[in-house]
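Structural characterization, general
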Amino acid sequence: MADLIQLAVLLAVGYFVGSRIEKKHYRSIKEREKKLLGCAVVTGDDFLEDRPVRTSRLVSGSAVISSDYFKMIVGNLLNFFGGEVSVFESLLDRARREAILRMKEEAPAADIILNLRIETSTIAGKNSCEALAYGTAVYYEK
Amino acid sequence: MKYTPKDLEENVNVSPQSPLRTFSIAFAKTLAVLVIIYFIIGALVDLIAPRVSVGTEKKIGALIDAAFKDRKQTEQELRLQSILDPLAKGDPALPGFDYKVYVQENQQVNAVALPAGNIVVFSGLIKEVKSENEMAMVLAHELGHFRHHDHLRGMGRQLLLLLLVSFFSGGDSSSQSIVLPSITTMQMRFSQKQEQAADQYGVDLLNKTYGHAAGATDFFVKMSKKDDWPKFMYFFSTHPYPASRIQAITERIQEKGYLAGKVEPLWIAKKE
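Described in the following lines is the structure provided in the data block. For clarity, every value in this text was computed on a predicted model and none was experimentally measured.

Moving on, we get to the sheet that holds strand β2 (residues 111–113) of chain B. Residue and element names in this part refer to chain B. The three strands lie next to each other as β1-β3-β2, forming an open sheet whose pairing is mixed. Both outer strands of the open sheet, β1 (100–104) and β2, are each paired with one neighbouring strand and no more. The mean angle between the axes of side-by-side strands here comes to 20°, regardless of whether they run parallel or antiparallel. Relative to β1, helix α3 (residues 75–90) is tilted by about 140°, and along the sheet it contacts β1 and β3 (118–122). Across the face of the sheet, helix α5 (residues 132–147) comes into contact with β1, β2 and β3 while running at roughly 25° to β2.

A separate point is the sheet that holds strand β2 (residues 53–66) of chain A. Sheet strands pair by backbone hydrogen bonding; their relative direction is either parallel or antiparallel. All names here are of chain A. Across the sheet, four strands lie side by side as β1-β3-β4-β2; this open sheet has mixed pairing. Looking at strand neighbours, the two that pair on one side only are β1 (40–41) and β2, the edges of this open sheet. Relative to strand β3 (residues 112–123), β1 runs parallel, the two sharing two bridges. Bridge pairing in β3 links Val41 to Ile113. Helix α3 (residues 89–106) contacts β1, β2, β3 and β4 (128–140) of the sheet and is inclined by roughly 150° relative to β2.

On to the packing of helix α1 (residues 2–35) of chain A against helix α2 (residues 69–81) of chain A, then. All names here are of chain A. The contact between α1 and α2 brings their axes to 6 Å, and the two run at 115°. When the interaxial angle is binned, α1 and α2 end up roughly perpendicular. Two secondary-structure elements touch here, α1 through Leu10, Leu11, Gly14, Tyr15 and Gly18 and α2 through Tyr69, Phe70, Lys71 and Ile73. When grouped by side-chain class, the residues that make up the contact of α1 with α2 number six nonpolar, two polar and one charged.

A separate point is the interface of chain A and chain B. Interfaces are often described in size by the accessible area the parts lose on coming together. The partner chain B presents 27 residues to the 26 residues of chain A that form the contact. Secondary structure elements with two or more residues in the side of chain A that touches chain B: α1, α2 and α3 of chain A. The element contributing the most residues to the side of chain A that touches chain B is α2(A), with eight residues. Tallied by class, the residues present in the side of chain A that touches chain B amount to 16 nonpolar, four polar and six charged.

Residue and element names in this part refer to chain B. Closest axis-to-axis distance for the helix α8 (residues 218–226)/helix α9 (residues 242–256) pair is 8 Å, and the angle between their directions is 155°. Between α8 and α9, the angle falls in the class roughly antiparallel. For the pair α8 and α9, the sense of crossing is left-handed. Contacts between α8 and α9 involve Phe220, Val221, Met223 and Ser224 from the first element and Pro242, Ala243, Arg245 and Ile246 from the second. Taken together, the residues of the contact of α8 with α9 sort by class into six nonpolar, one polar and one charged.

What counts, and where the lines are drawn
Residues numbered from 1 in each chain as written. Chains lettered and ligands numbered in written order. Predicted model: local features only at pLDDT ≥ 70, side-chain atom pairs only at ≥ 80, totals over all residues. Pairing = 2+ DSSP bridges. Helix = DSSP H or I, 4+ residues; strand = E, 2+ residues; numbered from the N terminus. Axes fitted to C-alpha atoms, helices over the stretch in contact; angles between N-to-C directions. Contact = placed C-beta atoms within 7 Å. Parallel < 35°, antiparallel > 145°, perpendicular 65-115°, else oblique. Nonpolar A, V, L, I, M, F, W, Y, C, P; charged D, E, K, R; others polar. Left-handed = near helix turned anticlockwise from the far one by under 90°.

Here it is, written out as structure tokens:
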């Protein structure tokens, strides 16, 4: 009985706090994405204009997002049966978008960021994930 | 190539399904699998338990009740033993243990059957019980646990389930945290069934030994008066709701046409 109550409390706290934090994070992500829309990022290198380049440098941004207790439990249950682990999708989505945003914020004045790459890894067992975004920021001669 | 910024409104990378829905479906599936496994294991254990020899059960019991091994019985315990002996002789189908009763200083109003023939009565129970018949019912109930091999059945389930849980979860504690409470709850349902079965056995044996079933419900009536748990809490308890126990025993008495005789007062030293 005590076990069940403990589990229910942990699940409820995990769910409510976790989804509040997630909603807040998404609001911030969307807002900053709009603000930085002008900062161009592409995955290729053929967007370079035929203009003299003043400087270019490596820019990177990384974000570590943790799962909550609710997601962890649901993820584990889903692991048993297989299939889409939808609860972790938002986690990775947030990590990737946050990483790209941080990379952009590192070079807000860049004319374009070329060759964007994203890498992910797990941290602290499998309860957190890291997304690392990096690319080459290019500044043209004015 | 010219770069034109575009604002993305929708997100294809995150499923629109609500996490609560995902959880409910996954939980229901897990529970279904657990219930199926639990019943298969339960059936297997129930099949094997009665076939375990008395000697093996004694060996298993020796691991648990070493505290009472070869202890000399006190006067109070010998008095209880004199109630137990005729009961134990009354059923030839009981496993051939050396049935002994011991008293433990404990305020809880309870008695337990340890594996392999030892019954421990708490001093709190002796204070409550007023008649010999009432005490005989408690002891006969405990004999019912031996008759039904409840220790082996309980332990067998627990053991196999724990094995299974750690096997499936690979020692991962977070999935165990959801699987174990579910199993414990099922275990409680099983335990309640065992208690009901021991009650039925107890009233039968009481009637067989005393020629009537007087005093069969006395103890549970006392329990239900003391009881301050709401009924739904009994879903998670090892023992059934006292009122349902009284009802089940009364029904058994009526069904079998047991006589209502007179209860004998219990002459016993209340304190050593």
